[in-house]
Amino acid sequence: MTNYALLGRQLDALLDTTDWLTNSAQTCAMLVQEVPDLNWVGFYVQREPGVLHLGPFQGKPACHPIPFDKGVCGAAARTRQTQRVDDVHAIADHIACDSASQAELVVPVVVDGRLWGVLDLDSPVPGRFAAEDQAGIEALVDIFVASTTFND
Ligand code: SME
């Protein structure tokens, strides 16, 4: 099991700027190194109302843009609830970017009551994300938000 408390302390130390672009890139790079069995991790950012734009990520080139009414990422943005999917093939609305992806975890990033974007993690292992992973990644998103200034 990933030690998310340790990762939180490492992320806090890593984010030594407040710039959203730098911090989101660093966060993705750290997650892909430290969390096992990921084939894609990245941010989608709401840069126009109701649309997610591809932001910093690690993995294969990915789908862009994603409207709020599409995909697992859109569901996370729309509902502001984390989406934890054991089997992406069971989700009719899933947008396949990398055929390796089997499981997905999408955490909304809410800043001052506004949906800033989402953090999306994909795994080639079905059922990869347990409730503990969800809680751990949500805590890392909280650290990212607390460490960052969200101007454009
Ligand atoms: N699978 C996502 C799209 C983004 S990629 O996984 C990087 C979705 O259904 O929203």
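Our subject is the structure that appears above.
We now turn to the structure provided with this report. Please read these numbers as outputs of a predicted model, since none were measured by experiment.

Here we take up the pairing of strand β5 (residues 103-111). Of all nine residues making up β5, eight are buried, and the element is well covered by its neighbours. Summarising the sheet, β5 and strand β6 (residues 114-123) pair through nine bridges and their orientation is antiparallel. Within the sheet, the bridge partner assigned to A103 lies in β6 and is S123.

Let's shift gears to the pattern of salt bridges. Under the defined criterion, the tally for this structure stands at two salt bridges. For the salt bridge of D98 with K60, the shortest nitrogen-to-oxygen distance reads 3.9 Å. Taken together, the residues D98 in the loop between β4 (83-85) and β5 and K60 in the loop between β2 (51-59) and β3 (66-67) connect sequence positions 38 residues apart. Residue class for D98 comes out buried when judged on its relative accessible area of 7%. A salt bridge links R128 to D133, with the nearest nitrogen and oxygen atoms 3.4 Å apart. Assessed through its relative accessible area of 13%, R128 is described here as buried. What makes D133 buried here is its relative accessible area of 3%.

Summed over the entire model, instances satisfying the criterion amount to one cavity of 30 Å³ or more. Taken as a whole, the largest cavity holds about 130 Å³ of empty space. Around the largest cavity, the lining is made up of 15 residues, and of these I95, C97, E104, D120 and D122 lie nearest the centre. Going through the elements one at a time, β1 (40-48), α3 (71-79) and β6 are the ones with two or more residues in the lining of the largest cavity. Ranked by residue count, the leading element in the lining of the largest cavity is α3, at three residues.

What counts and how
- Residues numbered from 1 in each chain as written.
- Predicted model: local features only at pLDDT ≥ 70, side-chain atom pairs only at ≥ 80, totals over all residues.
- Heavy atoms only, no water.
- Buried < 20%, exposed > 50% of the residue type's maximum accessible area, 1.4 Å probe, protein only.
- Helix = DSSP H or I, 4+ residues; strand = E, 2+ residues; numbered from the N terminus.
- Pairing = 2+ DSSP bridges.
- Salt bridge = Lys/Arg side-chain N within 4 Å of Asp/Glu carboxyl O.
- 1 Å grid on protein atoms, 1.4 Å probe; cavity = no way out; pocket = protein on both sides within 12 Å on 5 of 7 lines; lining within 4 Å.
- Points joined across faces, edges and corners; volume = space filled by probe spheres on them.

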